[in-house]
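Residue-level listing of the chains:
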Amino acid sequence: MGLEPVLFRERVHRLTVYTLFEDTSQRIERGDNLWTVHYQLLDSGRAAFDAPTMFVTADIVILAAGALVSTEVLLRSKEGGLSVSDHLGHNFTGNGDVLGFGYNNDQVIDAVGYGHRSPDRRDPVGPCITGIIDIREQPELNGGMVIEDGTAPGGFSKFLPQFLAAAGKLLGRDTDRGVSDFLKEKLRVWTSLILGAYHGAVRNTQVYLVMTHDDGAGRMRLEDDRLRIDWPDVGTQPIFTEVDRRLKEATRPLGGTFVKNPIWSELTNHGLITVHPLGGCIIAEDAERGVVNHKGQVFGGIRGTDVYDGLYVADGSVVPRSLGVNPLLTISALAERTCALLAKDRGWRISYDLPSAPPAPLQPSKLGIQFTETMRGHFSTRVLGDYQRAAERGKRDDSPFEFTLTIISNDLDKMLDDQDHKARMVGSVIAPALSPEPLTVTEGEFNLFIADPERVSTRRMRYRMRMTSEEGKIYYFDGFKVIHDDPGFDIWSDTTTLYITVYEGDGIDAPVLGNGIVTISPIDLKRQMSTVRVTNAEDLGQRLEATARFGRLFAGTLYEVYGRVFAKPKLFDLSAPPRQKRPLRVGAAEVHYFHTGDGVQLLLNRYNGGQKGPVILSHGLGVSSKIFSIDTIDTNLLEYLYAYGYDVWLLDYRASIDLPAAAGQFTADDIATKDYPAAVDKVREVSGADSLDMVVHCFGATTFFMAMLAGLQGVRSAVCSQIATHVKVPPVTRIKSGIHLPELLDALGVDTMSAAAESDASWLERLYDKALGLHPVQPEERCDSATCHRITFMYAPLYEHDQLNEATHNALHEMFGIANMRAFDHLAELVRKGHLVAADGSDVYLPHLERLAIPITFIHGGENACFTPESTRITYDLLSEKNGANLYSREVIPGYGHIDCIYGKNASIDVYPLILNHLEKQGA
């Protein structure tokens, strides 16, 4: 257990004992069928939070924590109600241990270790205890002793010269005389003081380790929940005077100065030090005389021989007296016997076969990191559903919820480089709604920063763990922190707020018990920072470097999320391998190339899902029909309509980035009067249908309405997404159109603009991308994608980032590309006029509104920052008045922008049913 040597210092006939334990709450309780052991995790920082103990349960508990701690645990357990012998804590002995020195001998000893220092060409220092003076053969057993040689740890070397020089002068007794010897001794003393412990007097010093027999009358007890030892006059026992005499005799042949244990003096009330504490839970025949029986079983009361089933002690605490020699083999033999008898009583077989195999080579330990945190908040079994709203509603009257967790990663590199790396979590939970006593955490897993697949530029800290109550009830905890740049200064709340769900079972498949929210206070955060510890570091420099790396990751990720406006734009790497795409849930496409009247080649991809339709899906400017078939969402519009039995045709007209024609110059009039008639005719020809339905989006909708107003035939109904005959835009777009920005760029020789930002872009394009990162957008719409920045500059914000998943956002370069200046010129003219006009500004379309007397459903994103919802409202009102309201319907979709109505992560739930409802009404 790593105990410090025990210092026996008699103060009012009492000894004070210090151990390495951080907490004093270790105890054992007996349940109905199991033992419960309460413990505290060492060297974790939990003490800084005054955290409750954790616990484990077991059928069998073997206490083997050493004489001090095993006794302390049983004393505390006795105070908690465990019935044990009144002899508990008695018969404590220090095994007669004495420390002394033969200082400044005439011979070289080399008894100081080198620690981490290289010995170079120095004489080697042997292991501690290689020789013994055996004086055990005495008329009385208690008069015997052994004197062994010791070595001083290298860590003591810095102060040994001063310490021994002072002790030799004050307490030493020189064993030889003579002027010459005196001068040599003084020279060696000064040599050590000047050159250090590996020279002179200290190099010539012998360390004595003595074991003999004290009276074993020490008594251990608890005071203020700490272990104390009462042992009156321990240092004045005659045996220690005899040890003093024997050590002086051993020093005389060496010609040195005998220095007795510096704390064994009148000034210190003859204090002693031991490294061999024994007793406290001694073996005896019954509870009146001891604590355990010969098997190590703990007696179950203050008298008799009845023992507890499954409670053993197997260490030096069972030894009933001093041994007068190193106790290792005795303790080992007793512990081995206890194990053998335990196994025999239960019918177990212990194999003592020792396989002959070389040990596996030790792998170098990897740097790790650990820290402890406490979070406090509330929990409710009444409020389920949305974490944030549930948490806010429940703050006033929910049950308290608090945990203290130690997070441990044994591989710092993986934690920094691999977002899927799971660190371990252990700790305790205080949740009165679950148990009146603290719960213990097991099987805990922690992810530092994982990408949220459902939200763009969002990271999560993930907490998952199993919680066990003392009653044996198991719960599962699933929690996360959302690291996302929302409006306002939210970095503090994001990084210190955890949304939690508790399941009534051992996993997320169990029934949900409730939700809650816990946070870190500034004081607890400060304490948490003090618990950060790098493990397996060789020195301070390595610890500091590792801590700095961890800090850089943490700060860098926060900067990436919250400082995106200043971040380096993320470019698409042309050299990267193609991403793995999921297969679409549709049949093979029929590919139909066809030509317009002016000789432009267009493309139709047919996916025949059944007898309904046909229906043409028409995209916007600077994209292609991929917006309807992108695989990054669970269900795209193509798959959705195909599953409902529709004969779906994806149209790529001349503005499609997948066609060579996109690099040419054309206007919306060209698409309306040439592309749509050719496409409709082709579909009718191949399918044999007299008429068809259209689903048109953005520029595809604009040009479709132009086509209809210009006399397009064969269309029986349409679903219009985001824009129709009238155009209303936000102020920024109106300003760009008002200053004739497309014409200005055209005059500068820019004939096309591309939204795809590639890694081999020119320095001018990179500068352009950096500048676009500063383009004004709402804080929640910021990101580090250069393609996204270009899209916003070219068209306006086309989507709400919250409606895109990470995969779609990362694939924007696949869906967006070049758009020509003449098309932008025409769009700018529409913005300036506010409704459909020809490229030359002539009003050739609106006079023919009767040609739109077909069923039309208008869908519009409520947060559309490209074309405001007023655009389709004007068209809807105008057509209802002209042709009758029964032909038209309009749906404004809350929380959606523009193109996210087509490939938003939840569009198949929120938008596609509206499209399907329209098509089903046509009786296809």
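Note that the structure is predicted; figures quoted are calculated from it, not measured.

A tally of helices and strands in the protein yields 25 helices and 36 strands. Here the protein holds 924 residues, and the buried ones make up 53% of them. Within the protein, counting contacts between residues at least 6 apart in sequence, those at least 24 apart form 70% of the total.

What follows covers the environment of Val 911. Relative to the assigned elements, Val 911 resides in the loop between helix 24 (907–910) and helix 25 (912–921). Here Val 911 falls in the buried class, since its relative accessible area comes to 0%. Separated by 52 residues in sequence, Val 911 and Ile 859 place their C-alpha atoms 8.3 Å apart.

Here we take up the sheet that holds strand 36 (residues 888–893). Pairing is mixed in the open sheet, where eight strands are placed in the order 27-28-30-29-31-32-35-36. Two strands in the sheet have a free side with no partner beyond their single neighbour: strand 27 (590–595) and strand 36. Sheet twist, expressed as the average angle between the axes of neighbouring strands with direction ignored, equals 20 degrees. Strands strand 27, strand 28 (601–608), strand 29 (612–618), strand 30 (646–652), strand 31 (692–697) and strand 32 (715–721) of the sheet are contacted by helix 13 (residues 668–687), whose axis makes an angle of about 135 degrees with strand 27. Packing of helix 22 (residues 870–883) onto the sheet brings it into contact with strand 35 (856–861) and strand 36, and relative to strand 36 it is tilted by some 165 degrees.

Relative to each other, helix 2 (residues 160–171) and helix 3 (residues 179–195) sit at 150 degrees, their axes nearing to 8 Å. Relative to helix 3, the element helix 2 lies roughly antiparallel. Where helix 2 approaches helix 3, its residues Pro 161, Gln 162 and Ala 165 are matched on the opposing element by Val 189, Ser 192 and Leu 193. Tallied by class, the residues present in the contact of helix 2 with helix 3 amount to four nonpolar, two polar and no charged.

So, about the nonpolar core. With 101 residues, the main nonpolar core has Tyr 676, Phe 704, Ile 856 and Tyr 903 as its most contacted residues. Among the nonpolar cores identified, the runner-up in size contains 42 residues, and Val 61, Ile 229, Ile 239 and Leu 311 belong to it.

We now examine the sheet that holds strand 11 (residues 206–211). Across the sheet, six strands lie side by side as 8-9-11-7-14-10; this open sheet has antiparallel pairing. Of all the strands in the sheet, the pair left with one neighbour each is strand 8 (132–135) and strand 10 (173–174). As paired strands, strand 8 and strand 9 (residues 145–150) are joined by four bridges and run antiparallel to one another. Counted as the bridge partner of Ile 132 is Glu 148 from strand 9. Those strands touched by helix 2 are strand 7 (98–103), strand 10 and strand 14 (257–260), and its axis lies near 95 degrees from that of strand 7.

So, about the side chain of Thr 808. By the secondary structure assignment, Thr 808 is in helix 19 (residues 806–810). A relative accessible area of 0% places Thr 808 in the buried class. At a separation of 2.6 Å, a polar atom in the side chain of Thr 808 contacts the side chain of Thr 632.

Summarising the element assignment, Thr 36 is placed in strand 4 (residues 35–39). In sequence terms Thr 36 and Val 56 are 20 residues apart; their C-alpha atoms lie 5.7 Å from each other.

Below, the discussion takes up the confidence of the model for the protein. Of the residues in the protein, 83% reach a pLDDT of 70 or more, and the chain-wide mean stands at 83. Residue range residues 561–575 is modelled with pLDDT below 50. Its contacts to residues more than four positions away, or to other chains, number 53 contacts.

Attention now moves to the side chain of Ser 322. Summarising the element assignment, Ser 322 is placed in the loop between strand 17 (307–313) and helix 6 (328–345). Note on Ser 322: relative accessible area 3%, which makes it buried. At 2.9 Å, the side chain of Ser 322 forms a polar contact with the side chain of His 213. Residues within four places of Ser 322 in sequence aside, it is in contact with Thr 93, Asn 95, Thr 212, His 213 and Asp 214.

What follows concerns the pattern of salt bridges. Tallying each qualifying case throughout the model produces 42 salt bridges. Between Arg 27 and Glu 29 there is a salt bridge, with the nearest N and O atoms lying 3.3 Å from each other. By relative accessible area, which is 23% here, Arg 27 ends up partly exposed. Judged by relative accessible area, Glu 29 falls into the partly exposed class, the value being 27%. A salt bridge links Asp 230 to Arg 221, with the shortest nitrogen-to-oxygen separation between them at 2.5 Å. A relative accessible area of 21% means that Asp 230 is categorised as partly exposed. Accessibility expressed as a relative area gives 25% for Arg 221, which makes it partly exposed.

What follows is about the pairing of strand 24 (residues 497–503). Every regular strand shows the same layout, with side chains that alternate between the two sheet faces. By the criterion of burial, strand 24 is predominantly enclosed, with seven of the seven residues buried. Of the two faces of strand 24, the one lined by Thr 497, Tyr 499, Thr 501 and Tyr 503 and the one lined by Leu 498, Ile 500 and Val 502 are each fully buried. Note: strand 24 against strand 25 (residues 512–519), seven bridges, orientation antiparallel. Across the sheet, residue Tyr 499 finds its bridge partner in strand 25, namely Ile 517.

Negative phi characterises most residues that are not glycine, and trans characterises most peptide bonds. Cis geometry marks the peptide bond from Gly 613 to Pro 614; its omega dihedral reads 0 degrees. With respect to the helices and strands, the residue Pro 614 is situated in strand 29. Unusually for a residue other than glycine, Asp 225 sits at a positive phi of about 65 degrees.

It is worth spelling out the packing of aromatic side chains at this point. Going through the model one piece at a time under the given rule, you end up with 19 aromatic pairs. Seen from their ring centres, Phe 403 and Tyr 463 are 6.2 Å apart, and the 40 degrees between their planes marks the pair as tilted. With a gap of 60 residues between them, Phe 403 in strand 19 (residues 399–409) and Tyr 463 in strand 22 (residues 459–468) connect regions that are remote in the sequence. Tyr 463 carries the same exposure label as Phe 403, and that label is buried. Note on Phe 704 and Phe 705: the rings are 5.6 Å apart at their centroids and 80 degrees apart in plane angle, and the pair reads as edge-to-face. Considered together, Phe 704 and Phe 705 belong to a single accessibility category, that of buried residues. One aromatic cluster is present, built from ring pairs that chain together Phe 371, Phe 379, Phe 401, Phe 403, Phe 446, Tyr 463 and Phe 477.

Rules used in this analysis
- Residues numbered from 1 in each chain as written.
- Predicted model: local features only at pLDDT ≥ 70, side-chain atom pairs only at ≥ 80, totals over all residues.
- Heavy atoms only, no water.
- Helix = DSSP H or I, 4+ residues; strand = E, 2+ residues; numbered from the N terminus.
- Buried < 20%, exposed > 50% of the residue type's maximum accessible area, 1.4 Å probe, protein only.
- Contact = heavy atoms within 4.5 Å.
- Pairing = 2+ DSSP bridges.
- Axes fitted to C-alpha atoms, helices over the stretch in contact; angles between N-to-C directions.
- Parallel < 35°, antiparallel > 145°, perpendicular 65-115°, else oblique.
- Nonpolar A, V, L, I, M, F, W, Y, C, P; charged D, E, K, R; others polar.
- Core = buried A, V, L, I, M, F, W, Y, C linked by side-chain atoms within 4.5 Å.
- Polar contact = N/O pair within 3.5 Å; in protein donor to acceptor, adjacent residues only side chain to side chain.
- pLDDT = per-residue confidence, 0-100.
- Salt bridge = Lys/Arg side-chain N within 4 Å of Asp/Glu carboxyl O.
- Phe/Tyr/Trp six-rings, centres within 6.5 Å; stacked < 30°, edge-to-face > 60°.

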